[in-house]
Amino acid sequence: MRLASSAPLARSYWLRSLKDSLQPSRSLSGEQRADVAIIGGGFVGLWTALTLKERDPKLDVVIVEQDICGGGASGRNGGFVMSWWPKIGSLLGFCDQAQALFLAHAAEQAIAELGAFCQEHRIDADFVRNGWLWTATTPAHIDSWNGTLALCERLGVAPFARWTADQVAAATGSAVHLAGVFEASNATVQPGALVRGMRRVAEQAGVRIFEQSAVTQIDPGRPVRLHCAKGHLDAGAVVLASNAWAASIPELGKLIVPVNSSIVVTEPIPDDLRTLGWTGQQSITDSQLMVDYYRTTRDGRIAFGKGTGALAYGSRIDHTFSRHQPSIDLTAADLRRTYPSLAHKQITDAWSGPIDRTYDSLPVFGTLAGSDNIHYGIGWSGNGVGPSRLGGRILASLALNTPDPWSQCALVGRTCKTFPPEPLRYLGGSLVRNAVIRKERAEISGEQPRALDRLLAGLAPAGLEDKA
Ligand SMILES: Cc1cc2nc3c(=O)[nH]c(=O)nc-3n(C[C@H](O)[C@H](O)[C@H](O)COP(=O)(O)OP(=O)(O)OC[C@H]3O[C@@H](n4cnc5c(N)ncnc54)[C@H](O)[C@@H]3O)c2cc1C
């Protein structure tokens, strides 16, 4: 079985602004052996490695990463550390109530655990737990959270508080925000600092890390044999933590479609933020399907992202997922619309990255057909910073063959709605994406979207929150 690799993605602001070196560690050469090999050095791979070492310090765990750890989505995201409460409807789509509550509570708990982990290991990742504000920026989007809040109420939980229009406008520093709900448990991090810090902790725990070592072929068996350009690695078990790149494996390509998301970062503008009143350090999203997500940084910049949703033919991870100018332009336009008084401020950094989207926007875990020792955890769908902690536990339990609440949770081996093969995947996906862009443009301008655009947009996978 072949695993496609790609050229390193352009470095994000988060990684470039780190003072410590981003020099890669040694690459894999010669003949190597491991108890567990993990393909991918992002949050999912690193949490899996750390959990394995925590459970059995003697285990020989190796991470094989084609770029540097964090070079993928983990070092280039918005740094929103979110729970799964906004996805409670999707969870209830395949879990019973007890299991949905178990997973949602565990995802919320993971946020506090992340803060404690940073503190324990002195990772200066700017962990700030000031909550998330889910807003409406057009009358058409007001109350789009009502379904989610009603489900939470039915389950006897109340993670969200309704805010008045005045409260929302004051906290965000922009009258574009018309209404909102607030989830207090959420946090933000500097994701580049977090992923590089986790890499350091993993190495200290004895995890062997090979960077600039793309795995090009996987031979199933006992052991599983991984092929890299300059060597091989034989492992008792393999964990695929390769995010959107996993789409090159046909069995997994049906479960996810890689779409891009893009972020622009302004010059430092701490005085302007104070003037606007945007000083609370909450994370903010709007309610578009191609969601706008924004936060401030420690040095007083705005990092403004958008789920720009562009696809590449054959699900190849190409420039679309590195620095895609049309997507960056869409993102910058939404920043200017949301904060018109900052229109003259400079954008100093911009990049794109890959999102491994499943149909319901929740991840899927399992073991590749015909093997009992090659496991995967993919489909984070733009909410992986916090929940990847749970992913590490699930994948560690699968790799160790441990029957526990993690390996037996409803995310493992679940039946997912699948995506079509090419050319339908790219052509159909692009058709739907363009309809979503037109529909949301009309809504933002206060116009009625065309019926055909509404119909086509309805075929899109779920966004950051439950599908309305
Ligand atoms: C622009 C953007 C904004 C986002 N914003 C947020 C946010 O604010 N909050 C949130 O929760 N989530 C967000 N996400 C999603 C989040 O970043 C991911 O869910 C999370 O980082 C997934 O971690 P991962 O380890 O699965 O993936 P990655 O970090 O992508 O790790 C996978 C690794 O596998 C490596 N790899 C792939 N193929 C091979 C191979 N053949 N051989 C060796 N190595 C290989 C890749 O190089 C990569 O480093 C965002 C994503 C993007 C792109």
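In short, a report on the structure. Not measured: the values here are computed from a predicted model.

Because the α-helix completes a turn every 3.6 residues, residues three or four places apart line up on one side. When helix H5 (residues 146-155) is considered as a whole, its buried residues turn out to be Thr 148, Leu 149, Leu 151, Cys 152 and Leu 155. Buried residues of H5, viewed axially, fall in a sector of 160 degrees; they line one side. Along H5, the residues that are exposed and aim more than 90 degrees away from the buried face are Glu 153 and Arg 154. Buried residues along H5 sit against helix H3 (88-92), helix H4 (97-120), strand E4 (132-136), strand E5 (160-163) and strand E6 (179-183). Downstream of H5 by a residue or two, Gly 156 has a phi angle that is positive, lying close to 80 degrees.

Further remarks concern the site of the ligand. In the neighbourhood of the ligand, 37 residues make up the surrounding shell, with Glu 65, Ala 73, Ser 74, Phe 80 and Val 385 lying closest. In this structure, Gly 78 approaches the ligand through a main-chain N or O atom, which is 2.9 Å from a nitrogen atom. For the ligand, a nitrogen atom lies 3.1 Å from a polar atom in the backbone of Gly 382. Contact with the protein chains covers 99% of the free accessible surface of the ligand, which is 1,000 Å². Those elements that place two or more of their residues in the shell around the ligand are helix H2 (43-55), strand E12 (257-266) and strand E16 (347-357). No other element matches the three residues that E16 contributes to the shell around the ligand. Residue composition of the shell around the ligand, by class: 18 nonpolar, 17 polar and two charged.

Moving on, we get to the pattern of salt bridges. As enumerated under the stated definition, the model contains 26 salt bridges in all. Arg 199 is the salt-bridge partner of Glu 211, the closest N and O atoms lying 3.0 Å from each other. Note that Glu 211 is positioned in the loop between strand E8 (208-210) and strand E9 (217-219) and Arg 199 in helix H7 (residues 191-204), a separation of 12 residues in sequence. The class for Glu 211 is buried, based on a relative accessible area of 0%. Under the relative-accessibility criterion, Arg 199 is labelled buried at 11%.

On to the nonpolar core, then. In terms of nonpolar packing, the biggest core is built from 82 residues, with Ile 38, Trp 84, Ile 88, Leu 91 and Leu 194 touching the most fellow members. If we skip the residues at most four places from it in the chain, Ile 38 touches Gly 45, Thr 48, Ala 49, Leu 52, Val 61, Val 62, Ile 63, Val 64, Val 239 and Ala 241. The next biggest cluster of nonpolar side chains, apart from the first, holds 29 residues, and it includes Leu 3, Val 224, Ala 247 and Ile 374.

Here we come to the packing of H4 against helix H11 (residues 388-399). Where H4 contacts H11, the axes come no closer than 8 Å and their chain directions differ by 110 degrees. Between H4 and H11, the interaxial angle falls into the category roughly perpendicular. For the pair H4 and H11, contact is made by Leu 103, Ala 106, Ala 107, Ala 110 and Glu 113 and by Arg 389, Leu 390 and Arg 393, respectively. Across the contact of H4 with H11, the residue classes break down as five nonpolar, no polar and three charged.

Before going further, it helps to examine the environment of Ala 237. Checked against the element boundaries, Ala 237 lands in strand E11 (residues 231-240). Take Ala 237: its relative accessible area is 5%, and that puts it in the buried class. With 228 residues separating them along the chain, Ala 237 and Leu 9 place their C-alpha atoms 28 Å apart. Among residues more than four places away in sequence, those in contact with Ala 237 are Asp 35, Val 36, Ala 37, Asn 373 and Ala 399.

Attention now goes to the sheet that holds strand E15 (residues 302-306). Strand order in the open sheet formed by eight strands is E5-E6-E4-E13-E14-E15-E12-E16, and the pairing between neighbours is mixed. Edge positions in the open sheet fall to E5 and E16, since each of these has one partner strand only. Within this sheet the neighbouring strands show an average axis-to-axis angle of 20 degrees, counted without direction. Where strand E13 (residues 283-285) meets strand E14 (residues 292-296), two bridges bridge the pair, whose relative direction is antiparallel.

Take Asp 453: it is sitting in helix H13 (residues 451-457). Distance in space between the C-alpha atoms of Asp 453 and Val 436 is 6.8 Å, their sequence separation being 17 residues. In this structure, Asp 453 is in contact with Ala 435, Arg 438 and Lys 439, ignoring residues within four places of it in sequence.

Below, the discussion takes up the environment of Ile 123. Summarising the element assignment, Ile 123 is placed in the loop between H4 and E4. Discounting residues that sit within four places of it in the chain, Ile 123 has contacts with Phe 117, Cys 118, Ala 193, Leu 194, Gly 197, Met 198, Arg 200 and Val 201.

So, about the side chain of His 324. When you line up the elements, His 324 lands in the loop between E15 and helix H10 (325-338). One polar contact links His 324 to Ser 327, side chain to side chain, over a distance of 2.5 Å. Not counting chain neighbours up to four residues away, the residues in contact with His 324 comprise Asn 260, Ala 310, His 319 and Ser 352.

Our focus in this paragraph is helix H6 (residues 165-172). What H6 keeps buried is the set Val 168, Ala 171 and Thr 172. The buried side chains of H6 occupy one side of the element, clustering within an arc of 90 degrees when seen end-on. Residues of H6 that are buried in the fold lie against E4, E5, E6 and E13. Gly 173, located one to two residues past H6, shows a positive phi value of around 70 degrees.

The subject of this paragraph is the pairing of strand E10 (residues 224-228). Most of E10 sits out of view: four of its five residues are buried. Direction of pairing for E9 relative to E10: antiparallel, over a ladder of three bridges. The residue of E10 that forms the bridge with Ile 218 is Leu 226. Following E9, the chain reverses through four residues before pairing antiparallel with E10; Gly 221 in that reversal takes a positive phi of roughly 145 degrees. Alignment of E10 against E11, held across five bridges, turns out to be antiparallel. Bridged to Cys 228 within E11 is Gly 231. The hairpin turn running from E10 into E11, its antiparallel successor, is two residues long.

Definitions and limits used
Residues numbered from 1 in each chain as written. Predicted model: local features only at pLDDT ≥ 70, side-chain atom pairs only at ≥ 80, totals over all residues. Heavy atoms only, no water. Buried < 20%, exposed > 50% of the residue type's maximum accessible area, 1.4 Å probe, protein only. Helix = DSSP H or I, 4+ residues; strand = E, 2+ residues; numbered from the N terminus. Arc of directions from axis to C-beta. Contact = heavy atoms within 4.5 Å. Near = heavy atom within 4 Å. Polar contact = N/O pair within 3.5 Å; in protein donor to acceptor, adjacent residues only side chain to side chain. Areas by Shrake-Rupley, 256 points an atom, 1.4 Å probe, with all protein chains shown as cover. Nonpolar A, V, L, I, M, F, W, Y, C, P; charged D, E, K, R; others polar. Salt bridge = Lys/Arg side-chain N within 4 Å of Asp/Glu carboxyl O. Core = buried A, V, L, I, M, F, W, Y, C linked by side-chain atoms within 4.5 Å. Axes fitted to C-alpha atoms, helices over the stretch in contact; angles between N-to-C directions. Parallel < 35°, antiparallel > 145°, perpendicular 65-115°, else oblique. Pairing = 2+ DSSP bridges.

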